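# Structural overview for review
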Amino acid sequence: ATRDITLSLTPVNLVVSLLFLLTFHQKYSLDGIFALLFVGICGYFLEVAGVATQSIFGKYQYGSTLGPKHWAVPFTMALNWIIPIYCTRIIAQKATKNTLLVALISASLMTGLDFILEPVAVFMDMWTWSGTQIPWNNYLVWFIASFAIQWAYTLMERKISNGIAIPLFIIQLVFFGVIHLYTLFI
């Protein structure tokens, strides 16, 4: 009964999640701010190129759930890149200080999240794929793009610290995981 209201609040949820992350971010610097903007801009324009060419991730288009669009891509897609890049970076930093390994671990975590998220995104009208299957090259490109963006981000801002990044990532995994399971049984 509340599905439409809940879906319409998705952009608000993304903005609030980012604001919480930014509130708990430790040691702001100009480089760090530019690095986060870089992540958001790269992610957004990668999505613009993906939708425009229909060949980067596969053939897809955005629905209405993620809010207002420009160039057929919701503005919130920038946040959909910043939040998981940031959260997985915190997790990866706990495992290693090697920037290459940080990017590799982060990209692996992001691809795992994308694997859980994709069917849910279709179910929630965030985006739809041409055909019934999500193309495997989507996951490959997601991994490569996540790796490249994370590696650049790591080089721009060496160390970040945030007490709620890991819990937020876990909440996203559980939230999308439960809905993913639900979609398998409906």
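Residues numbered from 1 in each chain as written. Predicted model: local features only at pLDDT ≥ 70, side-chain atom pairs only at ≥ 80, totals over all residues. Heavy atoms only, no water.

### Examining the side chain of Ser 106
- Its location among the elements puts Ser 106 in helix H5 (residues 99-123).
- Discounting residues that sit within four places of it in the chain, Ser 106 has contacts with Ile 85, Thr 88, Arg 89, Ala 92 and Gln 150. (Helix = DSSP H or I, 4+ residues; strand = E, 2+ residues; numbered from the N terminus. Contact = heavy atoms within 4.5 Å.)

### Side note on H5
- Between its first and last C-alpha, H5 extends 36 Å over 25 residues, near the 36 Å set by a 1.5 Å rise per residue.
- Among the residues of H5, Val 102, Ala 103, Ser 106, Ala 107, Met 110, Thr 111, Leu 113, Asp 114, Leu 117, Glu 118, Val 120 and Ala 121 are the ones counted as buried.
- Against helix H4 (77-95), strand S4 (127-129), helix H6 (136-156) and helix H7 (165-185) lie the buried residues of H5.
- Of the residues trailing H5, Asp 125 is marked for its positive phi of about 60°. (Expected span 1.5 Å × (residues − 1). Buried < 20%, exposed > 50% of the residue type's maximum accessible area, 1.4 Å probe, protein only.)

### As for the packing of aromatic side chains
- Applying the stated criterion to the full structure yields 14 aromatic pairs.
- Between the aromatic rings of Tyr 60 and Trp 129, the centroid separation amounts to 5.1 Å while the plane-to-plane angle is 40°, which identifies the pairing as tilted. Within this pair, whereas Tyr 60 is found in strand S1 (residues 60-62), its partner Trp 129 is found in strand S4, the two being separated by 69 residues in sequence.
- You can call Tyr 60 buried: its relative accessible area is 5%.
- Seen in terms of ring centroids, Phe 175 and Phe 176 are 5.0 Å apart; in terms of plane orientation they differ by 80°. Their pairing is edge-to-face. (Phe/Tyr/Trp six-rings, centres within 6.5 Å; stacked < 30°, edge-to-face > 60°.)

### Section: unusual backbone geometry
- Residue Ala 72 is not a glycine yet carries a positive backbone phi of 70°.
- Its place among the elements puts Ala 72 in the loop between strand S2 (69-70) and strand S3 (73-74).
- Overall, the relative accessible area of 41% leaves Ala 72 in the partly exposed class.

### What to know about the nonpolar core
- Core analysis: the biggest nonpolar cluster contains 47 residues, and Tyr 62, Met 77, Trp 81, Ile 83, Tyr 86, Trp 127 and Tyr 153 have the highest contact counts within it.
- Those elements that provide at least two residues to this core are helix H2 (10-24), helix H3 (30-53), S1, H4, H5, S4, H6 and H7.
- Residues contacting Trp 127, with those up to four places away along its chain left out, are Tyr 60, Gln 61, Tyr 62, Gly 63, Leu 66, Met 77, Leu 117, Glu 118, Ala 121 and Val 122. (Core = buried A, V, L, I, M, F, W, Y, C linked by side-chain atoms within 4.5 Å.)

### So, the packing of H3 against H4
- Here H3 crosses H4 at 125°, and the two axes come no closer than 7 Å. Judged by the angle between their axes, H3 and H4 are oblique. Judged by the twist between their axes, the crossing of H3 over H4 is right-handed. Packed against H3, whose contacting residues are Leu 36, Val 39, Gly 40, Gly 43, Tyr 44, Leu 46 and Glu 47, the element H4 presents Met 77, Ala 78, Trp 81, Ile 82, Ile 85 and Tyr 86 at the interface.
- Here the contact of H3 with H4 is built from residues that sort into 10 nonpolar, two polar and one charged. (Axes fitted to C-alpha atoms, helices over the stretch in contact; angles between N-to-C directions. Parallel < 35°, antiparallel > 145°, perpendicular 65-115°, else oblique. Left-handed = near helix turned anticlockwise from the far one by under 90°. Nonpolar A, V, L, I, M, F, W, Y, C, P; charged D, E, K, R; others polar.)

Nothing here speaks to function; it is all geometry.
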